Amino acid sequence: MVNSQARPMIIDTDGGVDDALAIIMALNCEQIELKSVTVLAGNIDVHQAANNVLRVIDIVQPNQRPLVAKGCEKPLVRPPFNAAGIHGSDGLGELHQFKNADGSPCYPQLTIEPSSEDAIDVLVKAAQEYGSDLTIVALGPLTNIATALQRDRTTLQKVGRIVIMGGAVKVPGNISAAAEFNFFVDPDAAQMVMESGIPLTLVGLDVAMKAPLPRKDVENYAQKHPSAVAQFIGDCTGIYMAFYRDNEGFHGCYLHDPLAVGVAIDPSLVSTESVYMVVETEGKFTSGMSLADLRDRRDEATYPPNVEACLDVDTDRFLKLFYELI
């Protein structure tokens, strides 16, 4: 049953581990109707990313399956750059390694395929159809959204809001000292979206690092609530969480993408500041840096705020929502 008051949403994703957790939340949330999942290259190549989205939908088995459409295979002008070393070679924790007791794969080859529709067309059509009711949640680089702006700027500007997992305002980057991964992969696209005039909420590293998910909590949850979804969450997060254990001394992961979906569902989870933001596209050391003008003497007449930047999060309330929706 679809809630008649459910708000239409599109998730734009590069198909990694925390993307999968975010999609599970959206599929299980009655307040939103996930119309489509548009896919692009980022964590992994676009074809594998689309396969990963279909895998999640297949495991959750929602009443209404969103359309899954492939989009950009590489950034607007840069060469591709991925995170397979963090998310596993398949972008989902190398699911091929998991076997049932009889030796058969836990995650057999999928029989479903993505739509033949182009993700960019899907975005433009949804903007036309749903207008200001539509929220787009962007979990990967912003290449698909920038390309949609290039194709039909006027129509895309009808979108009510884009919630972006990306950037960092008052904290350092994660892929470089200056840049967060999604903006680093395609800074040109990120800057184009900053200039779009569409209402933007930035769920960056300032808040994402305040939403940790320890490994032991995932294992406890799977024991208390055994299900195909809980099993999948435990399996797909293994390599990802081991990366944080080995590199940051925290055996778990941060819920970057799920937090973006959480904010789209309930904006009161975070406190925000309206800022003027640009993304560095040229810098030798700062490429992909999201630069917010935090000066007291801001020139708001010439450079009005273009982003609601999330600076703090009610972690307990968010984690409660996360567990309710997985």
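Placed above this text is the structure.
Parameters at a glance
- Residues numbered from 1 in each chain as written.
- Predicted model: local features only at pLDDT ≥ 70, side-chain atom pairs only at ≥ 80, totals over all residues.
- Heavy atoms only, no water.
- Buried < 20%, exposed > 50% of the residue type's maximum accessible area, 1.4 Å probe, protein only.
- Helix = DSSP H or I, 4+ residues; strand = E, 2+ residues; numbered from the N terminus.
- Pairing = 2+ DSSP bridges.
- 1 Å grid on protein atoms, 1.4 Å probe; cavity = no way out; pocket = protein on both sides within 12 Å on 5 of 7 lines; lining within 4 Å.
- Points joined across faces, edges and corners; volume = space filled by probe spheres on them.
- Nonpolar A, V, L, I, M, F, W, Y, C, P; charged D, E, K, R; others polar.
- Salt bridge = Lys/Arg side-chain N within 4 Å of Asp/Glu carboxyl O.
- Axes fitted to C-alpha atoms, helices over the stretch in contact; angles between N-to-C directions.
- Parallel < 35°, antiparallel > 145°, perpendicular 65-115°, else oblique.
- Left-handed = near helix turned anticlockwise from the far one by under 90°.
- Contact = heavy atoms within 4.5 Å.

Caption draft 1: Quick look at the pairing of strand 12 (residues 307-313). The buried count for strand 12 comes to five of seven residues, which makes it a mostly enclosed element. Pairing geometry for strand 6 (residues 200-203) and strand 12, over two bridges, is parallel. Across the sheet, the residue bridging to Leu 202 is Ala 309, located in strand 12.

Caption draft 2: Focus on the layout of surface pockets. By volume, the largest pocket is sized at about 440 Å³. Of all the secondary-structure elements, those providing two or more residues to the lining of the largest pocket are helix 1 (17-27), helix 3 (84-87), helix 6 (181-185), helix 11 (238-248) and helix 12 (256-265). The dominant element in the lining of the largest pocket, judged by the number of residues it contributes, is helix 11, at five residues. For the lining of the largest pocket, a count of residues per class yields 13 nonpolar, seven polar and six charged.

Caption draft 3: View of the pattern of salt bridges. Applying the stated criterion to the full structure yields 14 salt bridges. The residue Asp 118 makes a salt bridge to Arg 151 at a minimum N-O spacing of 2.8 Å. Note that Asp 118 is positioned in the loop between helix 3 and helix 4 (119-130) and Arg 151 in helix 5 (residues 143-156), a separation of 33 residues in sequence. Given a relative accessible area of 25%, Asp 118 falls into the partly exposed group. Arg 151 sits in the partly exposed class, given a relative accessible area of 46%. As a salt-bridge pair, Lys 210 and Asp 312 come within 3.3 Å of each other at their nearest N and O atoms. Here the residue Lys 210 occupies a position in the loop between helix 8 (205-208) and strand 7 (212-214), and Asp 312 occupies one in strand 12, the gap between them amounting to 102 residues. Bridged by salt links that share partners, the residues Asp 118, Asp 121 and Arg 151 form one connected network.

Caption draft 4: Inspection of empty space enclosed by the protein at higher detail. Per the counting criterion, the structure on display carries one cavity of 30 Å³ or more. For the largest cavity, the calculated volume is near 40 Å³. Lining the largest cavity we find Leu 213, Val 218, Tyr 221, Ile 233, Phe 322, Tyr 323 and Ile 326. Every element with two or more residues in the lining of the largest cavity is listed here: helix 9 (215-224) and helix 13 (315-325). Partitioned by chemical class, the residues of the lining of the largest cavity number seven nonpolar, no polar and no charged.

Caption draft 5: Highlighting the packing of helix 9 against helix 10 (residues 228-236). Between helix 9 and helix 10, the least distance of the axes is 9 Å, while the angle of their chain directions is 155 degrees. Judged by the angle between their axes, helix 9 and helix 10 are roughly antiparallel. For the pair helix 9 and helix 10, the crossing hand works out as left-handed. Contacts between helix 9 and helix 10 pair Arg 215, Val 218, Tyr 221 and Ala 222 from the former with Ala 230, Ile 233 and Gly 234 from the latter. Of the residues belonging to the contact of helix 9 with helix 10, the class tally is five nonpolar, one polar and one charged.

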